[in-house]
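# Structural features, examined
Listed below are the residues making up each chain.
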Amino acid sequence: VSSAKIASSAVTDAKIAGMSATKLTDTISSARLPAGSIIQVLNHDAASSTNTSSSTFTDTGANISITPSSTSNKVLVIASVAAETYGSGSDRGVKLRLLRDSATLTTQTYNLYDSSDTSQRISQVIIKDFDSPSTTSSVNYKVQYAASGSNSTARVQNYGETSITVMEVVGW
């Protein structure tokens, strides 16, 4: 209906006040969105260079918290890690893992694997997981790294940043 066909004074303040806010602002509640819709996106970048020769996982500094709006919603976690391995040992690399709070979601053991004993490997390495946290409380996701192999050093954020992105996805 065009405005030319609406009678003068037909739309009163009382009629507008009686409408739901979503009709006035074009806001759609997440409950009305179809499964698979992305309803929240957050990102954090870590830039401080850090290294370890230990096979014990340690934090990269890339972490982010998100509060899902429904227990049936999922969280897609994607991290791009600026990783490097070097040292005098052979069969070395960088181990990575994603955690939700203290629970391990996924682990990659042989990133930047190198069987020689003198070369250096540098790359952006992707680690991801599609998580079902089953909560509406805040959850924290983080990336950890460790050295793999003997006489090996793993370093992150020396030649770039590590970025972690979380996306809340309407569940099904």
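Note: the structure precedes this text.
Residues numbered from 1 in each chain as written. Predicted model: local features only at pLDDT ≥ 70, side-chain atom pairs only at ≥ 80, totals over all residues. Heavy atoms only, no water.

## Quick notes on the sheet that holds strand β6 (residues 103-114)
Filter applied, for reference: When DSSP locates at least two bridges between a pair of strands, those strands are taken to pair. Counting from the N terminus, the helices are DSSP H or I runs at least four residues long and the strands are E runs at least two residues long. For helices, the fitted axis covers only the stretch in contact; all axes are lines through C-alpha atoms, and the angles between them, taken along N-to-C directions, range from 0 to 180 degrees.
Here we have 4 strands laid out as an open sheet, ordered β3-β8-β5-β6, and antiparallel in their pairing. Each of the sheet's edge strands pairs with one partner strand only, and the pair in question is β3 (58-66) and β6. Looking at each pair of strands side by side, their axes are set apart by 15° on average, direction ignored. Pairing of β3 with strand β8 (residues 139-148), which is carried by 6 bridges, proceeds in the antiparallel orientation. Paired with N63 across the bridge in β8 is K142.

## Thoughts on the pattern of salt bridges
For the record, the criterion: We count a salt bridge whenever a side-chain nitrogen from Lys or Arg sits within 4 Å of a carboxyl oxygen from Asp or Glu. Throughout, exposure labels follow a simple rule: accessible area from a 1.4 Å probe, protein chains only, divided by the maximum for the residue type, with under 20% read as buried, over 50% as exposed, and the rest as partly exposed.
Under the counting rule described, the total for this entry stands at 3 salt bridges. Notably, a salt bridge pairs K142 with D59, separated by 3.3 Å at the nearest N-O pair. In this pair, K142 sits in strand β8 while D59 sits in strand β3, placing the two residues 83 residues apart along the sequence. By relative accessible area, D59 is classed as partly exposed at 37%. Between R100 and D131 there is a salt bridge; the shortest N-O distance is 2.6 Å. Pair noted here: R100 is in strand β5 (residues 92-100) and D131 is in strand β7 (residues 121-131), with a separation of 31 residues, a long-range link. Residue classification places D131 among the buried positions, given a relative accessible area of 5%.

## What about the pairing of strand β10 (residues 162-169)?
The buried count for β10 comes to 7 of 8 residues, which makes it a mostly enclosed element. Where strand β4 (residues 74-87) meets β10, 7 bridges bridge the pair, whose relative direction is antiparallel. Counted as the bridge partner of V77 is V166 from β10.

## Quick word on the side chain of T162
Counted only if it meets this: Think of a polar contact as two N or O atoms within 3.5 Å of one another; within protein, one of them needs to be a possible hydrogen donor and the other a possible acceptor, and neighboring residues in sequence only count if both atoms come from side chains. We call two residues in contact whenever any of their non-hydrogen atoms come within 4.5 Å of each other.
Mapped onto the secondary structure, T162 falls in strand β10. Here A82 takes part through its backbone nitrogen, which lies 3.3 Å from a polar atom of the side chain of T162. Setting aside residues no more than four positions away along its own chain, T162 makes contact with H44, D45, A46, T60, A62, S80, V81, A82 and Q157.

## Structural notes on the nonpolar core
Convention followed: By nonpolar core we mean a set of buried residues, namely Ala, Val, Leu, Ile, Met, Phe, Trp, Tyr and Cys, connected to one another through side-chain atoms within 4.5 Å.
In terms of nonpolar packing, the biggest core is built from 24 residues, with Y141 and I164 touching the most fellow members. Mapped onto this core, the elements with two or more residues apiece are β3, β4, β5, β7, β8, β9 (152-156) and β10.

## Description of the packing of aromatic side chains
Rules: Any Phe, Tyr or Trp ring, taking Trp's six-membered ring, that has another such ring centre within 6.5 Å forms a pair; planes under 30 degrees apart are called stacked, those over 60 apart edge-to-face, and the others tilted. By definition, being over a ring means that NZ of Lys or CZ of Arg is both within 6 Å of the ring centre and within 35 degrees of the ring normal.
Across all of its chains, the model carries 1 aromatic pair by this definition. Between F130 and W172, the aromatic rings sit 6.0 Å apart at their centres with planes inclined by 15°, giving stacked as the arrangement. Within this pair, whereas F130 is found in strand β7, its partner W172 is found in the segment after β10, the two being separated by 42 residues in sequence. The ring of W172 has K74 lying over it, and the distance from NZ or CZ to the ring centre is 5.7 Å.

## A closer look at the environment of Y113
Locating Y113 in the fold gives a position in strand β6. Take Y113: its relative accessible area is 37%, and that puts it in the partly exposed class. The contact partners of Y113, leaving out residues within four places of it in the chain, are D91, R92, G93 and R121.

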